[in-house]
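A structural walkthrough
Listed below are the residues making up each chain.
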Amino acid sequence: MRVAVIGAGVIGLSTALCIHDRFHSADQRLEIEVYADRFTPHTTSDGAAGFWQPYLYDKGNAQETLWNKETFDYLLRHINSPEAVEMGLFLLSGYNLFTQPAPDPSWKEIVLGFRKLTQKELELFPGYRSGTLQPFGWFNTTLILEGKSYLPWLTHRLEQRRIKFFHRKIKSFQELTAQGVDVIVNCTGVCAGELQPDPDLRPGRGQIIKVEAPWVKHFVVTHDVAAGIYKTPYIIPGSSTVTLGGIYQLGNWSEQSDPQDHQAIWQGCCKLMPSLQKARIVHEWIGLRPVRPTLRLEHETIRHGMLQSEVIHNYGHAGFGLTIHWGCAMEAANLFGKILEAQRLAKLPQANL
């Protein structure tokens, strides 16, 4: 059976690996191919800080919370393994700050050591205050999974399994079906609308600054519930640099650096942590988050005249692709298994009535 995965970010590569390891065997030979016009280190996943943290509240979408938990638990099992360094995986503790009290997040039982901040801890951030309101926050330990390391790690494992890679932009599902592909897995992120119209899908532009600041040992993420996610300063230390951010522009397709955004990030983060004024700027990065009201993870049969495509959609993970990727990969593999089962049943001889 030929399987084509479109997209080589964290969603595409992890889904290809999960499908192969679940279903490839001597009895069920899978020929898996990965098609993309961008590979590591040029994907959205590569530039991300790799900070494991979903949006604060799942808004009743318990399924996404489960996929987040499955990903966290999967990664946590690797944390003390020799592979953790190659994966770009390590534990990181830090602070979520608010200008006023907020309900506990949906993920409080997933991370390690979740608790509310003490007054003494809040005093560590004198620059973070809104008028007379008293700041509020949480402390916990989470994971960092750096895409710049994790994507090469995934790629190497796929190469060991003889999965083929093609640097090519796919313009339609029919293009692959006509070549004899049996199942297509659509992991094209923000570009998914080019393959099939999706009015719910929009870019959520982000811009970050990477700096050298080895004295920063904890993450600091600020929140303005009214303004929305990622619109206020955040500071996330990585293995070699510290990521500074706070930009989220829905509907903006620009992948060019914006000087005004740079200034807003720099001033906001330096006010939050004044010592960053002594940090050396290494580079900037711009990425487009694939934003939907809910991520799309489903199977669809698409017909093109006499041809038929079995398509598994797995995209729309917004700014938490690394946070949720493995849970979604396992669900995509479940959908793939249902396609295999349906095809097996279709081949069985029909009983004579």
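Look above for the structure.
If you're wondering where the values come from, they're calculated on a predicted model, not measured in any experiment.

1. Thoughts on the pairing of strand S11 (residues 242-245)
- With burial as the criterion, each face of S11 is covered, one bearing Val242 and Leu244 and the other bearing Thr243 and Gly245.
- Here strand S10 (residues 234-237) runs beside S11; their pairing, made up of 4 bridges, is antiparallel. Bridge pairing in S11 places Ile235 opposite Leu244.
- Two successive antiparallel strands, S10 and S11, enclose a turn made up of 4 residues.

2. Regarding the pairing of strand S9 (residues 219-223)
- Judged by how many residues are buried, S9 sits mostly within the fold: 5 of 5 residues are covered.
- Side-chain alternation along S9 places Phe219, Val221 and His223 on one buried face and Val220 and Thr222 on a second face that is also buried.
- In terms of strand pairing, strand S3 (residues 89-98) meets S9 through 5 bridges, oriented parallel. Opposite Gly94, over in S9, you have Phe219 as the bridge partner.
- Examined bridge by bridge, S9 and S10 share 2 bridges and lie antiparallel to one another. Looking at S10, one finds that Val221 is bridged to Tyr234.

3. Structural notes on the packing of aromatic side chains
- Within the structure shown, the criterion is met by 15 aromatic pairs.
- Here the aromatic rings of Phe114 and Trp138 are separated by 5.4 Å at their centres, their planes lie at 50°, and the arrangement is tilted. Here the residue Phe114 occupies a position in strand S4 (residues 112-116), and Trp138 occupies one in strand S5 (residues 136-145), the gap between them amounting to 24 residues. Here Phe114 and Trp138 have matching classes, each one buried.
- Connected via pairs of aromatic rings, a cluster forms that spans Phe98, Trp107, Phe114, Phe136 and Trp138.

4. Side note on helix H6 (residues 147-160)
- Taking 1.5 Å as the rise per residue, H6 with 14 residues should run 20 Å; its terminal C-alpha atoms sit 20 Å apart, in good agreement.
- Taken together, the buried positions of H6 are Gly147, Tyr150, Leu151, Trp153, Leu154, Thr155, Arg157 and Leu158.
- Two residues or fewer past H6, Arg162 is found with a positive phi of approximately 65°.

5. A look at the packing of helix H3 (residues 62-76) against helix H9 (residues 321-347)
- For the pair H3 and H9, the least separation of the axes is 7 Å and the interaxial angle reads 100°. Between H3 and H9, the interaxial angle falls into the category roughly perpendicular. Contacts between H3 and H9 involve Glu64, Trp67, Asn68, Glu70, Thr71, Tyr74 and Leu75 on the former and, on the latter, Leu322, Thr323, Ile324, His325, Trp326, Gly327, Cys328, Met330 and Glu331.
- Class assignment of the residues belonging to the contact of H3 with H9 gives a composition of 8 nonpolar, 5 polar and 3 charged.

6. Digging into the nonpolar core
- With 73 residues, the main nonpolar core has Tyr150 and Phe336 as its most contacted residues.
- Per-element tally for this core: the top contributor is H9, with 11 residues.
- Those residues in contact with Tyr150 that lie beyond four places of it in its chain are Val10, Tyr74, Met87, Leu145, Leu322 and His325.
- One finds Val211, Leu244, Trp266 and Leu272 within the second-largest nonpolar core, a separate group that totals 24 residues.

7. Some remarks on the pattern of salt bridges
- Within the structure shown, the criterion is met by 19 salt bridges.
- In this structure, Asp104 engages Lys108 in a salt bridge whose closest nitrogen and oxygen atoms are separated by 2.9 Å.
- Residue classification places Lys108 among the partly exposed positions, given a relative accessible area of 27%.
- When the shortest N-O distance is used, the salt bridge between Arg205 and Asp261 registers 2.8 Å. Highlighted residues: Arg205 in strand S8 (residues 202-212) and Asp261 in helix H8 (residues 259-272), separated in sequence by 56 residues.
- By relative accessible area, Arg205 is classed as buried at 1%.
- Take Asp261: its relative accessible area is 9%, and that puts it in the buried class.

8. Describing unusual backbone geometry
- The omega torsion of the bond from Thr40 to Pro41 falls at 10°, within 30 degrees of zero and hence cis.
- As for its position among the elements, Pro41 is in the loop between strand S2 (31-36) and helix H2 (44-47).
- One non-glycine residue, Arg162, lies in the positive phi region at around 65°.
- By secondary structure assignment, the location of Arg162 is in the loop between H6 and strand S6 (164-167).
- Take Arg162: its relative accessible area is 75%, and that puts it in the exposed class.

Parameters at a glance
Residues numbered from 1 in each chain as written. Predicted model: local features only at pLDDT ≥ 70, side-chain atom pairs only at ≥ 80, totals over all residues. Heavy atoms only, no water. Buried < 20%, exposed > 50% of the residue type's maximum accessible area, 1.4 Å probe, protein only. Helix = DSSP H or I, 4+ residues; strand = E, 2+ residues; numbered from the N terminus. Pairing = 2+ DSSP bridges. Phe/Tyr/Trp six-rings, centres within 6.5 Å; stacked < 30°, edge-to-face > 60°. Expected span 1.5 Å × (residues − 1). Axes fitted to C-alpha atoms, helices over the stretch in contact; angles between N-to-C directions. Parallel < 35°, antiparallel > 145°, perpendicular 65-115°, else oblique. Contact = heavy atoms within 4.5 Å. Nonpolar A, V, L, I, M, F, W, Y, C, P; charged D, E, K, R; others polar. Core = buried A, V, L, I, M, F, W, Y, C linked by side-chain atoms within 4.5 Å. Salt bridge = Lys/Arg side-chain N within 4 Å of Asp/Glu carboxyl O.

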